[in-house]
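# Observations on the model geometry
Take a look at the letters that make up each chain.
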Amino acid sequence: MGAKRVGVGEYLIIFSAILIGLAVADLSLSLHRLLRQGREIQWHPIVPLTGFIVLCLILNLWWGLYRNFSQIDQIDFITFLPTVLMLLSLFLLAAAVFPDEKLEKGASLKEFYLDNRVQFWGLFASYLVLVTINIAIGGYQRDWELVTYFQASVPNTIWLLACVGMMITRRMIWHWIVVGLSIVVIAGAWFSAQLTQAAAG
């Protein structure tokens, strides 16, 4: 008997796994370098928390792509392109969470976060735009009604506006509110989610 032919969906899962694996590796390595500085720097909890949010996004995207790609036999390139851009934006987001280089002795993570907020939240906003585009493409393929499009896009639109606000303001109270709400939303989704094999056929 010949070897089993690898389907289009399986190729896409492998491709996605490579980019997602790189994002997790970069996030982990950057955190490792930061932890090695120990008491040489002034720590602030908002940076590790934003790192945790990005990790959750990576895990959510990975499982969502697995479920979507497991059920397809073909896909147009133009339909797959937003997914590629979404993966790239998530990789860049993971790379932007923690400092790329060793911080100077006595440096403040809070100041790093505030100085880095435009890049981080800008990439976050870009990721949400691409997620919304992918949802719209999926809805078009499923012949959604307009109200379904609206309901599916509202949460990401609100989150997107919050990201834009975080790019503008340096007031930590607003950053804490958005980060805290993001964690609550992610936790709520996780508690109601099940990791099950995608249905075949």
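Details of the structure are given in the entry above.
First, a word on scope: everything that follows refers to the structure included in this document. (Residues numbered from 1 in each chain as written. Predicted model: local features only at pLDDT ≥ 70, side-chain atom pairs only at ≥ 80, totals over all residues. Heavy atoms only, no water.)

### Some remarks on the overall build of the protein chain
Each helix and strand in the protein chain was counted, giving six helices and zero strands. Looking at the protein chain as a whole, 37% of its 201 residues qualify as buried. Considering only contacts within the protein chain whose residues lie at least 6 apart along the sequence, 85% involve residues at least 24 apart. Charge separation in the protein chain, taken as the distance between the mean sites of 13 positive and 12 negative side-chain charges, equals 9 Å. (Helix = DSSP H or I, 4+ residues; strand = E, 2+ residues; numbered from the N terminus. Buried < 20%, exposed > 50% of the residue type's maximum accessible area, 1.4 Å probe, protein only. Contact = heavy atoms within 4.5 Å. Lys, Arg positive; Asp, Glu negative; His and termini not counted. Charge placed at Lys NZ, Arg CZ, Asp CG, Glu CD.)

### Some remarks on the nonpolar core
Counting 50 residues, the largest nonpolar core has L93, W121, F124 and Y127 as its most contacted members. Elements with a minimum of two residues in this core: α1 (8-35), α2 (46-69), α3 (77-97), α4 (109-141), α5 (146-168) and α6 (172-192). For this core, the leading source of residues is α4, giving 13 residues. Excluding residues within four positions of it along the chain, W121 makes contact with Y113, C163, M166, M167, H175, V178 and V179. (Core = buried A, V, L, I, M, F, W, Y, C linked by side-chain atoms within 4.5 Å.)

### Considering the packing of α2 against α3
Two quantities define a packed helix pair, namely the angle between the helix axes and the distance between the axes. The geometry of α2 relative to α3 is characterised by a closest axis approach of 10 Å and an angle of 160° between their N-to-C directions. In terms of their interaxial angle, α2 and α3 are classed as roughly antiparallel. By crossing handedness, the relation of α2 to α3 is classed as left-handed. Taken together, the residues of α3 that come into contact with α2 (itself represented by V47, T50, G51, V54, L57, I58, L61, L65 and F69) are F80, T83, M86, L87, L90, L93, A94 and V97. Split into classes, the residues belonging to the contact of α2 with α3 amount to 14 nonpolar, three polar and no charged. (Axes fitted to C-alpha atoms, helices over the stretch in contact; angles between N-to-C directions. Parallel < 35°, antiparallel > 145°, perpendicular 65-115°, else oblique. Left-handed = near helix turned anticlockwise from the far one by under 90°. Nonpolar A, V, L, I, M, F, W, Y, C, P; charged D, E, K, R; others polar.)

### What about the environment of D115?
Topologically, D115 is positioned in helix α4. In sequence terms D115 and S16 are 99 residues apart; their C-alpha atoms lie 31 Å from each other. Side chain to side chain, D115 and R170 meet in a polar contact 3.5 Å long. (Polar contact = N/O pair within 3.5 Å; in protein donor to acceptor, adjacent residues only side chain to side chain.)

### Remarks on α5
Helix length check: α5, at 23 residues, gives a terminal C-alpha distance of 32 Å against a target of 33 Å (1.5 Å per residue), a fit within 8%. Maximum bend of α5: about 35°, positioned at V154, with proline P155 one to four residues after it. Every buried residue of α5 is listed here: N156, W159, C163 and M166. (Expected span 1.5 Å × (residues − 1). Bend = angle between axes of the 7 residues up to and from the residue.)

### What about the pattern of salt bridges?
What the rule picks out here adds up to two salt bridges. Ionic pairing is found between E111 and R170, a salt bridge with its closest N-O pair at 3.3 Å. Taken together, the residues span a long stretch of sequence, with E111 in helix α4 and R170 in the loop between α5 and α6 at a distance of 59 residues. Look at E111 and you get partly exposed, because its relative accessible area is 35%. For R170, a relative accessible area of 39% gives the class partly exposed. (Salt bridge = Lys/Arg side-chain N within 4 Å of Asp/Glu carboxyl O.)

### A word on the state of the cysteines
For the structure on display, the rule yields zero disulfides. With no disulfide of its own, C163 lies closest to C56 among cysteine sulfurs, the gap being 15 Å. The exposure class assigned to C163 is buried, which follows from its relative accessible area of 0%. (Disulfide = S-S within 2.5 Å.)

### Topic: the side chain of N116
Structurally, the position occupied by N116 is in helix α4. Only 2.7 Å separates the side chain of N116 from the backbone oxygen of A96, close enough to count as a polar contact. Beyond its immediate chain neighbours, meaning those up to four positions away, N116 contacts A96 and V97.

Worth remembering: the numbers are spatial, not functional.
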